[in-house]
Amino acid sequence: MSAATTRSRTPDRLCAEAVDIARAAAEEAAAPGVVGEHVETVVEGDRVVTHLFECKEFGYRGWRWAVTVARASRAKYVTLDEVVLLPGSDALLAPEWVPWSERLRPGDLGPGDLLPTESDDLRLEPGFSGEDTPPPNSPVSAEMAELVEAEDAEVSAGPVGELPIVPTRGSIAAVAEELGLRRARVLSRYGLHVAADRWEDTYGAKTPMAQAAPSTCVSCGFLCPIGGSLGQAFGVCANEFSPADGRVVSLSYGCGGHSEAAVMPTPPRPAPPVIDETVVDVLPLRPSADAGSVGAVAEGADDLGHS
Ligand code: SF4
């Protein structure tokens, strides 16, 4: 018994009646026993009809086998067009595909993985690669190099008639490389800001650890300063007992391991014993009348000493 419904357009009678042909085609394409009830008949065009059967396969809830049949003009026979599995309105669907670059999370990068950076990555900007011309006020600019060369020539000119010795000068690229400046790209202003925000969130003043800390990292002996503009606000913690050991910490961060927070108390030392051998202590032999036997013993001892 078919639970077929039709749309407003009247389907071709022979195509609409070809449910058994459509079912046989669906069962041939699907695994045995997964083609369910006939649920709908859809008119695709003149003498073209799609029969929909529910899919009983686990994991395909709401999906339907769609079998399209067609009939040529004035032909008596219906022919099979195609068989596909299509999602219905309440079908269980996979989540929208997200590009890997948006799915990537911190910590996803494993050993041996390569993470390419886009050529227009906002966190980076061109660095000095030796191919571009440095600005006029740069210590490695051509103008500055000429000035220095002229000064050197004056100094090394020596006595009149002697040929000036021009010192061999390294190329701009070599100087930049020596200074560690020769990188194709460096952090952009945006890159610096997002890094600072991220570090501030993790090891910054607003974290519970910093709120409960006795003092801030800026005054801690375990703080290693870092160079560059980020060094004005961040450093690296080098206290193995701190939760931030080896991490970049904000100067306003802090923890209980602060070097000056609690100085270990020194154990009390007992006073050295005093033996006074120069003064004689006079002790009363009869300290009191009711001293009893103690006084008598002392008296006896006194008599013995004077006899
Ligand atoms: S030990 Fe604590 S206070 Fe000192 S630098 Fe590290 S995180 Fe900052």
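Residues numbered from 1 in each chain as written. Predicted model: local features only at pLDDT ≥ 70, side-chain atom pairs only at ≥ 80, totals over all residues. Heavy atoms only, no water.

1. Examining the pattern of salt bridges
Two side chains of opposite charge can pair, provided their charged atoms sit close to one another. Across all of its chains, the model carries five salt bridges by this definition. Here Glu17 makes a salt bridge to Arg13, at a shortest N to O gap of 3.5 Å. The exposed category is assigned to Arg13, whose relative accessible area is 56%. Across the pair Arg64 and Glu40 runs a salt bridge whose closest N-O atoms are separated by 3.3 Å. (Salt bridge = Lys/Arg side-chain N within 4 Å of Asp/Glu carboxyl O. Buried < 20%, exposed > 50% of the residue type's maximum accessible area, 1.4 Å probe, protein only.)

2. Considering the sheet that holds strand β8 (residues 234–237)
Across the sheet, which stays open at both edges, the three strands sit in the order β7-β8-β9 with antiparallel pairing between neighbours. In this open sheet, the two edge strands, each paired with only one partner strand, are β7 (223–225) and β9 (248–250). Direction aside, the axes of adjacent strands within the sheet are offset by 50° on average. As judged from the three bridges shared by β8 and β9, these two strands associate in the antiparallel manner. Looking at β9, one finds that Val236 is bridged to Val248. (Pairing = 2+ DSSP bridges. Helix = DSSP H or I, 4+ residues; strand = E, 2+ residues; numbered from the N terminus. Axes fitted to C-alpha atoms, helices over the stretch in contact; angles between N-to-C directions.)

3. Describing the environment of Arg61
Mapping Arg61 onto the fold places it in the loop between β2 (48–55) and β3 (63–70). Its relative accessible area of 56% is what places Arg61 among the exposed residues. Spatially, the C-alpha atoms of Arg61 and Gly88 are 8.9 Å apart, while their sequence positions differ by 27 residues. In contact with Arg61, not counting residues within four places along its chain, are Asp90, Ala91 and Leu92. (Contact = heavy atoms within 4.5 Å.)

4. Examining the site of the ligand
Taken together, Cys217, Cys220, Cys237, Asn239, Ser242, Tyr253, Gly254, Cys255, Gly257 and His258 are the residues near the ligand. In terms of residue class, the shell around the ligand is made up of five nonpolar, five polar and no charged. (Near = heavy atom within 4 Å. Nonpolar A, V, L, I, M, F, W, Y, C, P; charged D, E, K, R; others polar.)

5. Considerations on the nonpolar core
Judged by nonpolar contacts, the single largest core of 13 residues is most densely connected at Ala26, Ala30, Val35, Phe53, Trp65 and Val67. Within the residue set of this core, elements represented by two or more residues are α2 (19–29), β2 and β3. When residues of this core are assigned to their parent elements, the largest contribution, four residues, is made by α2. Excluding its chain neighbours within four sequence positions, the residues that come into contact with Ala30 are Val35 and Trp65. Ranked by size, the runner-up nonpolar core spans nine residues in total, among them Cys237, Ala244, Val249 and Leu251. (Core = buried A, V, L, I, M, F, W, Y, C linked by side-chain atoms within 4.5 Å.)

6. Some thoughts on the pairing of β8
In this structure, β7 lies alongside β8, joined through three bridges in antiparallel fashion. Looking across to β8, one finds that Cys224 is bridged to Val236.

7. Here we look at the packing of aromatic side chains
The final tally for this structure, using the stated rule, is three aromatic pairs. Between Tyr60 and Trp63, the aromatic rings sit 5.4 Å apart at their centres with planes inclined by 80°, giving edge-to-face as the arrangement. Looking at Trp63, the relative accessible area reads 18%, which means it is buried. Relative to Tyr253, the ring of Tyr203 has its centre 5.4 Å away and its plane inclined at 85°; by these criteria the two rings are edge-to-face. Here Tyr203, found in the loop between α6 (189–202) and α7 (208–211), pairs with Tyr253, found in the loop between β9 and α8 (293–306); they are 50 residues apart in sequence, far enough to count as distant. By the burial criterion, Tyr203 is buried, and Tyr253 matches it. (Phe/Tyr/Trp six-rings, centres within 6.5 Å; stacked < 30°, edge-to-face > 60°.)

8. Description of the side chain of Thr207
Relative to the assigned elements, Thr207 resides in the loop between α6 and α7. Thr207 sits in the buried class, given a relative accessible area of 9%. Residues in contact with Thr207, not counting those within four places in the same chain, are Asp201, Thr202 and Tyr253.

9. Comments concerning unusual backbone geometry
The phi dihedral of Arg47 falls on the positive side, at around 60°, and the residue is not glycine. Tracing the backbone shows Arg47 in the loop between β1 (35–45) and β2. Even without being a glycine, Arg74 presents a positive backbone phi close to 65°. For Arg74, the position within the fold is in the loop between β3 and β4 (79–87). The exposure class of Arg74 is exposed, given its relative accessible area of 79%.

10. Observations regarding the sheet that holds β4
Strands sit in the order β1-β2-β3-β4 across an open sheet of four strands; the sheet is antiparallel. Unpaired on one side and paired on the other, β1 and β4 mark the two borders of the sheet. The sheet shows a mean angle of 20° between the axes of neighbouring strands, taken without regard to direction. Contacts from α2 reach β1, β2, β3 and β4, with the element oriented near 115° to β1.

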